[in-house]
Structure formats: C-alpha cells, structure tokens
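# Structural characterization, general
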Amino acid sequence: MKHLFIILFIASSSQLFGQSPLFEKELFSIHHNADHFTTDQLGNVFLWNENFIWMYTSKGDSLAAFNSRKYGAISHVDATNPYEILVFFSDYNLVLFLDNYLSDNGREIDLQSLGYDQISNACKSRANGIWIYDVIQQRAIHLDNSYKKDKETLNLSQWFNERVTPNQLLEFNNQLFIGSPQAVYVFDHFGTFKKKIPLVNVNDFQLVNEELRYMRDSVFCSYSPKDFKETCRTILLPDIENVRIEKNRFYVLQPKKLMVFSTN
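Remember, it's a predicted structure, so these values are computed and weren't measured experimentally.

## Examining the overall build of the protein
Helices and strands together make up the secondary structure of the protein, namely 2 helices and 24 strands. Taken over the C-alpha trace, the protein has a radius of gyration of 18 Å; the compact-globule value for 264 residues is 18 Å, and the two agree within 12%. Along the first, second and third principal axes, the C-alpha atoms of the protein reach 55 × 40 × 25 Å. Counting over 264 residues, the protein shows a buried share of 52%. Across the protein, the fraction of contacts at a sequence separation of at least 24, relative to all contacts at a separation of at least 6, is 38%. Roughly 12,600 Å² of accessible area belongs to the protein as shown, and the carbon and sulfur atoms make up 46% of that amount. Positive and negative charge centroids in the protein, built from 26 and 30 side chains respectively, lie 5 Å apart.

## Points about the packing of aromatic side chains
Two measures describe an aromatic ring pair: the distance that separates the ring centres and the angle between the ring planes. All chains considered together, the criterion is met by 8 aromatic pairs. Taken together, a centroid distance of 6.2 Å and an interplanar angle of 45° make the contact between Phe 37 and Tyr 251 tilted. On the criterion of sequence distance, the pair formed by Phe 37 in strand β2 (residues 36-39) and Tyr 251 in strand β23 (residues 249-254) is long-range, its members being 214 residues apart. Note on Phe 52 and Trp 54: the rings are 5.8 Å apart at their centroids and 15° apart in plane angle, and the pair reads as stacked. Overall, the relative accessible area of 23% leaves Phe 52 in the partly exposed class. Here the aromatic residues Phe 160, Tyr 185, Phe 187 and Phe 193 are joined through ring pairs into a cluster of three or more.

## Considerations on the environment of Leu 143
Within the secondary structure, Leu 143 is located in strand β12 (residues 139-143). For Leu 143, a relative accessible area of 0% translates into the label buried. Sequence spacing of Leu 143 and Glu 26 is 117 residues, and the spatial spacing of their C-alpha atoms is 41 Å. Not counting chain neighbours up to four residues away, the residues in contact with Leu 143 comprise Leu 111, Leu 114, Tyr 116, Gly 129, Ile 130, Ile 132, Lys 148, Lys 149 and Asp 150.

## A word on a negative patch on the surface
On the surface, Asp 35, Glu 50, Asp 91, Asp 239 and Glu 241 cluster together to form a negatively charged patch. Relative to the helices and strands, Glu 50 resides in the loop between β3 (45-48) and β4 (52-56).

What counts and how
Residues numbered from 1 in each chain as written. Predicted model: local features only at pLDDT ≥ 70, side-chain atom pairs only at ≥ 80, totals over all residues. Heavy atoms only, no water. Helix = DSSP H or I, 4+ residues; strand = E, 2+ residues; numbered from the N terminus. Rg over C-alpha atoms; globule rule 2.2 N^0.38 Å. Buried < 20%, exposed > 50% of the residue type's maximum accessible area, 1.4 Å probe, protein only. Contact = heavy atoms within 4.5 Å. Areas by Shrake-Rupley, 256 points an atom, 1.4 Å probe, with all protein chains shown as cover. Lys, Arg positive; Asp, Glu negative; His and termini not counted. Charge placed at Lys NZ, Arg CZ, Asp CG, Glu CD. Phe/Tyr/Trp six-rings, centres within 6.5 Å; stacked < 30°, edge-to-face > 60°. Patch = residues over 30% accessible without salt bridge, like charges linked within 9 Å, V, L, I, M, F, W, Y side chains within 5 Å. Salt bridge = Lys/Arg side-chain N within 4 Å of Asp/Glu carboxyl O.

Structural measurements only, silent on function.
As structure tokens, this is what we get:
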C-alpha cells in the first residue's frame, strides 16, 4: 500500500509540474514528534516544536539539537542562511541567531528594548539584517546589522483598509513577502509596495522558480505571479501536515515523521 501511495503521488505531481519533478523513491524518514520543519540550501533539515530544534544532514543523520526553554516557545525558524539561523520567539519579542551546529553564537536581539513591543513575525534579510512585522504600526521594518531601522513598508491597514496580521515573513530574490489570511503582500528590498497576491489562508509558503508553493486545505498548490494561475493537486499520502521542496528533494511532514523523496 505504501508503494501504491508513492506511485499515485508521482502521477499527480507530473500533472502539476509538467515533466518534473518526478518523485522516484523515498530516500529516508526522520522520526520525531515535531510540529514544523524547514530546510537549507545545503540539504540540512530542521524540525522543531515549542522547545526544541533538531538538525539532520542531507543523508538523514542526526547532527545537532537546541533547547529553547531559556527563551520560551519557538515561533519560527529561518534557515535561508545555513550559517546563521534565525530563531524567533514572539512571546518575548526576541530574535536569536544560531550557527550551523545550532550553537548560540551570542547574537541575541531584544526587540522590546529597541522599542518594538508587539512583533508578530521575523525573518532573515540578505542585507545582513532582519525584517520584523510590528502589529501596532501595521508595517514591516528592516533593522540593519546594528539593529537600527533603515527601511520600512507603508502602513498596510491604512493602505488596504484592513488590519493585517501576518502568519509569515520571507525575503526572496530581493523581495519581501508578507503572508496573511487575507493575501500575500510583496515589497521590494527597500520596502516599496509592488503587488498584492490574492491568496487566502496560505501558511508556510516558499518560493521555487519564482512560483509560490504551499499547502492549503490538505492539497499542495503552486501559484505563478506571471500568469496569476493557481494549480492544486491532492498528495495521496495520509495525514500530511506540511510539505517543502529543496533542490532535488521533496519533504512531507506527517505526525511524528518526516518523509524525504528524490525528485529526479
């Protein structure tokens, strides 16, 4: 039955993405009671729950672990830079940076001490800084390496006439993506508004080949900003919590297990 699931999944994925990726086989599984996961460009895997982060190599070998009880519940892990991993703790308005072995490298940012009392999201910036979203100001703010504000977006609630409470910040190709239950808002790296993508209830999306990829209502979807087309297919595997693509790998998170497939 397991192989039948994989065969059906390959067939449906070929309809969604054309000739590639093709899901040839399961490479390995990681068994953990994790609620979330992400990957980096080196193929490392990061699983986490409220108090722990576990790091695995591209071969599925356990590499490191991090206990966050000193800082509270983990809200988000950003591994876009594999040598400087951002961990955000929304309860304490705190950003912590870990090295490529999940060791605390001493870079701790207390956002409340900087005057930001209600930050809902944070992500890494390629400009050696971070983006944060201030719920009170209703705008994303860029802090430079000295943690000083050097850029900011417009006030989203005033501009769009709706209060925006993001579920994700992501910088990709010099663009900032703000995901919310209402839509995905896109800004350039200066904080200038570019467009509003009409995708609702999208959580934990990623950018692959300029397309947004995400799970919604138990299906895997792809949205192309070029032709404004969303295509969705059901993945015929049970109890899927999230999925992710990284180079030639396709990752499927299930309760207590992460399955890793090759795509070609």
